[in-house]
Amino acid sequence: MNHPNSAPTATPNKRGSITKSVKKAAFYLNKGEVVAIPTETVYGLAKDQFTMKMH
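Calculation rules
Residues numbered from 1 in each chain as written. Predicted model: local features only at pLDDT ≥ 70, side-chain atom pairs only at ≥ 80, totals over all residues. Heavy atoms only, no water. Helix = DSSP H or I, 4+ residues; strand = E, 2+ residues; numbered from the N terminus. Contact = heavy atoms within 4.5 Å. Pairing = 2+ DSSP bridges.

Student: Sorry, what's going on with the overall build of the protein here?
Tutor: Counting its secondary structure elements, the protein contains one helix and two strands. The secondary structure elements of the protein, listed N-terminal to C-terminal, are α-β-β. Considering only contacts within the protein whose residues lie at least 6 apart along the sequence, 7% involve residues at least 24 apart.

Student: Honestly, the pairing of strand β2 (residues 43-46) in this entry has me stumped. Any pointers?
Tutor: Two faces belong to every sheet, and in a regular strand the side chains alternate between them. Where strand β1 (residues 35-38) and β2 come together, four bridges link them in antiparallel fashion. Considered in β2, the bridge of A36 is made with L45. Counted between consecutive antiparallel strands, the loop separating β1 from β2 contains four residues.

Here it is as structure tokens:
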């Protein structure tokens, strides 16, 4: 289950889902939010280093 503010996990079998996920991640990064990025083994965290917003 995704958190309401999280970007969905991209599934390779759905055409366009990766593009949609990247756009959604960029949207949250531009707002100063932290985004989880799933890989095959671990999750990475991404944040815009120039955003002053602290959580």
